[in-house]
Amino acid sequence: MTDLGELNRSTPPGAADPVKALLHRHRDLCEQAVDPLEIAAGLEAHGITDRTAARFRHRDVFSLAEELYARVPRDDASPRPAPATTSPRARGGWAVLTLLPGALCVATVIALRLTHGQTRLYAAATGILAVTLALRAALRRGPLSARTDIPPRSATASWSCCLLGYALLGDGLLGTAVTGGPDGLPDGTAEGDWPLTVAPVVTLALSCAPAAWAAHFLAARVRRRLASSRGLEDFSASVRPVLIGVSVLFLGAVAGLLTATSALLDEPPALPSTLALGGLLFLARLLTIHGFTHAPRVILAVTATAQMTALAMPFAARLPGCDALATPVQTLTTAWGPAALPALTCGAAALILLIHASRKLARASAHIRPEQPR
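Structural notes, computed from the coordinates. Here the structure is a predicted model, which is why all the values come from computation and not from measurement. One numbering rule holds for all chains: residues counted from 1, following each sequence as written. For this predicted model, a pLDDT threshold of at least 70 governs which residues receive local features, and a threshold of 80 or more governs which side-chain atom pairs are given and counted, while totals over whole chains, interfaces and linings are taken from all residues. Excluded from the side-chain calculation are hydrogens and water; included are all heavy atoms of the structure.

## Describing the environment of Thr49
1) Next: For the purposes of this entry, the term helix denotes a DSSP run of H or I that reaches at least four residues, the term strand denotes a run of E that reaches at least two, and both are numbered from the N terminus. Along the chain, Thr49 falls in the loop between α4 (36-45) and α5 (50-53).
2) Next: In this structure Thr49 comes out as partly exposed when scored by relative accessible area, which is 33%.
3) Next: Here the alpha-carbon distance between Thr49 and Glu233, two residues 184 residues apart in the chain, equals 9.1 Å. Each residue is assigned to one of three classes by its accessible area relative to the maximum for its type, calculated with a 1.4 Å probe on protein chains only: buried under 20%, partly exposed between the two thresholds, exposed over 50%.

## Brief notes about unusual backbone geometry
1) Next: One non-glycine residue, Asp266, lies in the positive phi region at around 60 degrees.
2) Next: Take Asp266: it is sitting in the loop between α12 (232-265) and α13 (271-289).
3) Next: The class for Asp266 is exposed, based on a relative accessible area of 73%.

## Comments concerning the packing of aromatic side chains
Each aromatic ring pair is described using two quantities: the centre-to-centre distance and the angle formed by the ring planes.
1) Next: Note on aromatic pairs: the rings of Phe, Tyr and Trp (six-membered ring only in Trp) are paired at centre separations within 6.5 Å, and the planes decide the class, stacked below 30 degrees, edge-to-face beyond 60, tilted for the rest. What the rule picks out here adds up to two aromatic pairs.
2) Next: Arranged with centres 4.8 Å apart and planes meeting at 55 degrees, the rings of Trp94 and Trp213 form a pair that is tilted. Placement of the pair is Trp94 in helix α7 (residues 88-114) and Trp213 in helix α11 (residues 208-228), with a sequence separation of 119 residues.
3) Next: Accessibility expressed as a relative area gives 4% for Trp94, which makes it buried.
4) Next: A centroid spacing of 4.4 Å and a plane angle of 15 degrees characterise the contact between Phe250 and Phe282, whose relative ring orientation is stacked. Within this pair, whereas Phe250 is found in helix α12, its partner Phe282 is found in helix α13, the two being separated by 32 residues in sequence. Neither residue differs from the other here; Phe250 and Phe282 are each classed as buried.

Structure follows, in structure tokens:
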């Protein structure tokens, strides 16, 4: 609406062609657009909705965008650039990259089980470095890569690492802390004084591949919805079920991977907490891909802080006169087990991000190509 108000103030009274004034104001957008769909998304990003499109004598933004696209002079001799598509070779490249984090994580776990002492420490450090580099490569290419006009945010990655670290170490530490431990450092096994929970981390590393395919499927479906919709409200209403369906498919893949991984590693499947964390990280990445970085960063930070604070309470309760600090965490752990804490915190955070994503990703402007202004 702000853009429309500025346009009205800049248009001389009695102007017979308001569309011409709109075309002049957004000439760069209209000239660079591959098709009218990009113009419609750009207009929405500037505050023009179906209701305001009526002031330009059009029933919706898509109809207005088609006229703007038709009015821009184009050189028929030079072909327009084709819409960005993924070639089989490019698809094969990112598909392999998304398999690397899981493969390297599995290799690291095998190395930890075959080594002892200082050699195990070296294997763990090497494996963590390899998985981190592979995950970084997978997030820089393909469907999981963020828009090129988004500055890198190390804070989001740091909070994500904190949540993954808690998934690996937190449950074991919390379980021993409420009983007066731990008496030593983790030894890299699930039987030690400070047991590790390896299956959820391996599962989430393996789920990088289904996350990429889910994001790719969502982008393809949204593009088709954008082409077939005749209004912004129609488009939004058709995208939300696709987003929810894609999230459910991803969680189904995580559940299957966790079941297989837990059986192979002989660990109890922490299904609720793993699904909650997987859904949280997936939705945070989807929002980041489309340029909405603030909410994921804040939600991840709040979730990680809540987990770390709860984990610190049993230790703080050991100070004189601070016994009551451990009561909430001890009550939750006694009733539902240590995995209840990450399940509740990550589950609530994932639900908030799902609601936020259903609003933000249902906008046509969220799916503009990177080179288009937002």
